[in-house]
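What follows is the residue order along each chain.
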Amino acid sequence: MQNLIDQMAKKVDEDLAKVSSNETLAEFWQTYLSKNGQVTGLMKQLRNLSADERPKAGKVINEFKAKVQAQYDQAALRMKQLELAQRNAAEAVDITLPAKMRPQGALHPITLVKNQVIDVFAGMGFEIFEGPEIEDDDHNFTRLNIPKDHPARDMQDTFYITDEYLLRTQTSGGQIRVMDSKKPPIKVLSPGRVFRADSDATHSPMFHQMEGLVVDKGITLCDLQGMLDCLVKELFGSSVRTRLRPSYFPFTEPSVEVDVSCFECGGTGCSLCKGTGWIEILGSGVVNQNVLRGCGIAPEVYSGFAFGIGIERIAMLKYGINNMGLLFENDLRFLKQFSE
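The model shown is predicted, which means the values in this text are computed figures rather than measured ones.

K.L.:
Describe the overall build of the protein, listing the residues and the values that go with them.
P.N.:
For the protein, the count of helices and strands is 11 helices and 10 strands. The globule rule puts the C-alpha radius of gyration for 340 residues at 20 Å, and the 41 Å found for the protein is more than 25% above it. When the backbone C-alpha atoms are referred to their principal axes, the protein occupies close to 125 × 50 × 35 Å. Per-residue burial over the protein gives 41% buried out of 340 residues. By element, 52% of the accessible surface of the protein is carried by carbon and sulfur atoms, the whole surface being about 19200 Å².

Right under this line is the structure:
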């Protein structure tokens, strides 16, 4: 038995010298110390000995097993220290290296213009109302004085979901919802996405609009122009002016297009204003009496004005963008040029 143990001890020392990883350590344990291992199996040899020899042999086997277990524990500790050293080396940070610079983000130009417009009108006491993007025909057209057979419907290039529901073509439906739920005085701004089947360098199937509505006693176009003067000075500079040109919208009467004096050439004429000195920026007018009456507001007592601003158009003018598609492509080379 002693000869067998001496031979196995020599083999144990050789195999321990080969242990260099947790995998080889596990193989060592499986070979010698597991339930079916060689050291554990020595106990089975006791049945071949006489009753007088078994106690002494059992003691020798137990001492040998304890020795091998101690060698295994030392090897396991060594592997743990080696693994920790390797992990520390892999995770080491060279503090002399330059830091990784994270690029600073910025708001999208549409968001910048939207926030700027909201700030201007919020300072004048306007509330913000965001209506649904899926609108019914009644709010999007009929109650805005655009009946079923009105030719203005053909100009909208509408995305219909059903005969009754559609993707809103304008945020003007929000003014109907506000006037239904609130009586004058009303000052509300309704921003949001709108949808029309139109796409080219200056149009997109989805774009952003902001509808403004004021209803009170004695409201006139003079109030509208004064308010828009404040807006354009904030957007384009203190030297710009506005002018109103007659136009037509079913939900306003009279209706006007609003132009701003060219902020590029100062009104002398350039390629931006096409030599006219003026740039069209939005449509507006006095709220049609039929629209007020349909919301239960007496036009004999109250009047109001409404205007609709295309956020993309303002952003393109303000930042000199010549293709609307750039606003939707998420190209970081383009977007990182903008900041507040």
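K.L.:
Describe the sheet that holds strand β9 (residues 278–287), with residues and values.
P.N.:
Pairing is mixed in the open sheet, where seven strands are placed in the order β1-β5-β6-β10-β9-β8-β7. Unpaired on one side and paired on the other, β1 (127–128) and β7 (242–249) mark the two borders of the sheet. As defined by bridge partners, strand β6 (residues 206–216) adjoins strand β10 (residues 303–310) across eight bridges and the pair is classed as antiparallel. Each residue of the ladder has a partner; that of D216, found in β10, is S303. Contacting β1, β5 (186–195), β6 and β10, helix α5 (residues 109–122) crosses the sheet at an angle of about 165 degrees to β5.

K.L.:
For helix α1 (residues 2–18), give the residues involved together with the corresponding values.
P.N.:
Between its terminal C-alpha atoms α1 stretches 25 Å, which fits the 24 Å expected from 17 residues at 1.5 Å a residue. Where α1 is concerned, the buried positions are I5, M8, A9, V12, D15 and L16. One face of α1 carries all of its buried residues, which in axial projection span an arc of 130 degrees. Seen from the buried face of α1, the exposed residues on the opposite side, beyond 90 degrees, are N3, Q7, K10, A17 and K18. Taken together, the buried residues of α1 touch α2 (22–32), α3 (38–41) and α4 (54–90).

K.L.:
Could you give me a rundown of the pairing of β5, with the residues and numbers involved?
P.N.:
Of all the 10 residues making up β5, eight are buried; the element is thus mostly covered by neighbouring parts of the structure. Two strands pair when backbone bridges link them, and β1 and β5 are joined in this way by two bridges, in the parallel orientation. Paired with E127 across the two strands is V188, which belongs to β5. Sheet topology note: the β5/β6 ladder contains 10 bridges and is antiparallel. Bridge assignment links I186 to a residue of β6, and that residue is V215.

K.L.:
If you had to explain the packing of aromatic side chains to someone new, which residues and values would you point to?
P.N.:
All chains considered together, the criterion is met by eight aromatic pairs. Here a set of aromatic residues connected by ring pairs shows up, and it is made of F121, F126, F305 and F307. Sitting over the ring of Y319, K318 keeps its end group 5.9 Å from the ring centre.

K.L.:
Can you explain the state of the cysteines? Please cite residues and give values.
P.N.:
Scanning the model with the defined rule gives zero disulfides in all. The closest cysteine sulfur to the non-disulfide-bonded C230 is located on C222, 14 Å from its own sulfur. Judged by relative accessible area, which is 41%, C230 ranks as partly exposed.

K.L.:
Pulling in residues and values, what's your account of the packing of α2 against α4?
P.N.:
Where α2 meets α4, the closest approach of the two axes is 10 Å, and the angle between their N-to-C directions is 170 degrees. By the angle between their directions, the pair α2 and α4 is classed as roughly antiparallel. For the pair α2 and α4, the sense of crossing is left-handed. Each of N22, L25, F28 and W29 in α2 lies in contact with α4, whose residues at this interface are V68, Y72, A75, A76, M79 and E83. Residues of the contact of α2 with α4, tallied by class, amount to eight nonpolar, one polar and one charged.

K.L.:
Tell me what's going on with a nonpolar patch on the surface, and back it up with residues and numbers.
P.N.:
Where nonpolar side chains cluster on the molecular surface, the patch consists of I134, I161 and Y165 and spans about 310 Å² of accessible area. Examined against the element boundaries, I134 turns out to sit in strand β2 (residues 134–136).

K.L.:
Report on helix α8 (residues 221–236), specifying residues and quantitative values.
P.N.:
Taking 1.5 Å as the rise per residue, α8 with 16 residues should run 22 Å; its terminal C-alpha atoms sit 22 Å apart, in good agreement. Of all the positions in α8, only L224, M227, L228, L231, V232, L235 and F236 are classed as buried. Viewed end-on, α8 has its buried residues packed into an arc of 140 degrees, placing them on one side of the element. At the exit of α8 stands G237, carrying a positive phi of roughly 120 degrees.

K.L.:
How would you summarise the nonpolar core if you had to cite specific residues and measurements?
P.N.:
Counting 43 residues, the largest nonpolar core has V117, F121, L231, F236, I281 and F307 as its most contacted members. Counting residues per element, the ones that place at least two in this core are α5, β6, α8, β8 (252–261), β9, β10, α10 (311–319) and α11 (332–335). Each residue touching F236, except ones within four places of it in the same chain, is listed here: V260, F263, I314, L317 and K318. Judged by nonpolar contacts, the second largest core, of 20 residues, contains V12, Y72, A75 and M79.

K.L.:
Could you give an account of the pairing of β8, with specific residues and numbers?
P.N.:
β8 sits mainly inside the fold: eight of its 10 residues count as buried. The pairing of β7 with β8 spans seven bridges and is classified as antiparallel. When the bridges of β8 are listed, L244 appears paired with V258. Linking β7 to β8, which pair antiparallel, is a turn of two residues.

The rules we used
- Along each chain, residue indices are assigned from 1 in the same order as the chain's sequence is written.
- The model is predicted, so local features are restricted to residues of pLDDT at least 70 and side-chain atom pairs to those at 80 or more, both for listing and for counting; the totals for chains, interfaces and linings are taken over all residues.
- Each side-chain value is worked out from all heavy atoms of the structure, with water and hydrogens disregarded.
- Helix and strand definitions here come from DSSP, where helices need a minimum of 4 consecutive H or I residues and strands a minimum of 2 consecutive E residues; each element is numbered from the N-terminal end.
- Here the globule rule reads 2.2 Å times residues to the power 0.38, and the radius of gyration is calculated from C-alpha atoms.
- Exposed residues in this analysis have more than 50% of their type's maximum accessible area, buried residues have under 20%, and partly exposed residues fall in between, with area computed by a 1.4 Å probe over protein chains only.
- Residue exposure ignores everything except the shown protein chains as possible cover, and the areas themselves are Shrake-Rupley values with a 1.4 Å probe.
- If DSSP finds at least two bridges between two strands, the strands pair.
- In what follows, a contact means two residues having at least one pair of non-hydrogen atoms within 4.5 Å.
- Lines fitted to the C-alpha atoms define the axes, with helices restricted to the stretch that makes contact. Angles between their N-to-C directions range from 0 to 180 degrees.
- For a helix, the expected span equals 1.5 Å multiplied by the residue count minus one.
- This arc describes the spread of directions from the helix axis toward the C-beta atoms.
- Only the six-membered ring of Trp is used, alongside the rings of Phe and Tyr, when aromatic pairs are assigned; centres must lie within 6.5 Å, and planes under 30 degrees apart are stacked while those over 60 apart are edge-to-face, with the rest tilted.
- Should the NZ of a Lys or the CZ of an Arg lie within 6 Å of a ring centre and within 35 degrees of the ring normal, that charge is described as sitting over the ring.
- Working definition: a disulfide is two cysteine sulfur atoms within 2.5 Å of each other.
- Every angle not falling under 35 degrees, over 145, or within 65 to 115 is termed oblique; those three ranges are roughly parallel, roughly antiparallel and roughly perpendicular.
- By convention, the crossing between two helices is left-handed when the near helix turns anticlockwise from the far helix through less than a right angle, and right-handed when the turn is clockwise.
- As a working rule, the residues Ala, Val, Leu, Ile, Met, Phe, Trp, Tyr, Cys and Pro are called nonpolar, Asp, Glu, Lys and Arg charged, and the rest polar, with Gly in that last group.
- Residues form patches when they are more than 30% accessible in relative terms and have no salt bridge. Like charges link within 9 Å. Nonpolar side chains (Val, Leu, Ile, Met, Phe, Trp, Tyr) link within 5 Å.
- Here a salt bridge means any side-chain nitrogen of Lys or Arg lying within 4 Å of a carboxyl oxygen belonging to Asp or Glu.
- Buried residues of nine kinds, namely Ala, Val, Leu, Ile, Met, Phe, Trp, Tyr and Cys, make up a nonpolar core once their side-chain atoms join them within 4.5 Å.

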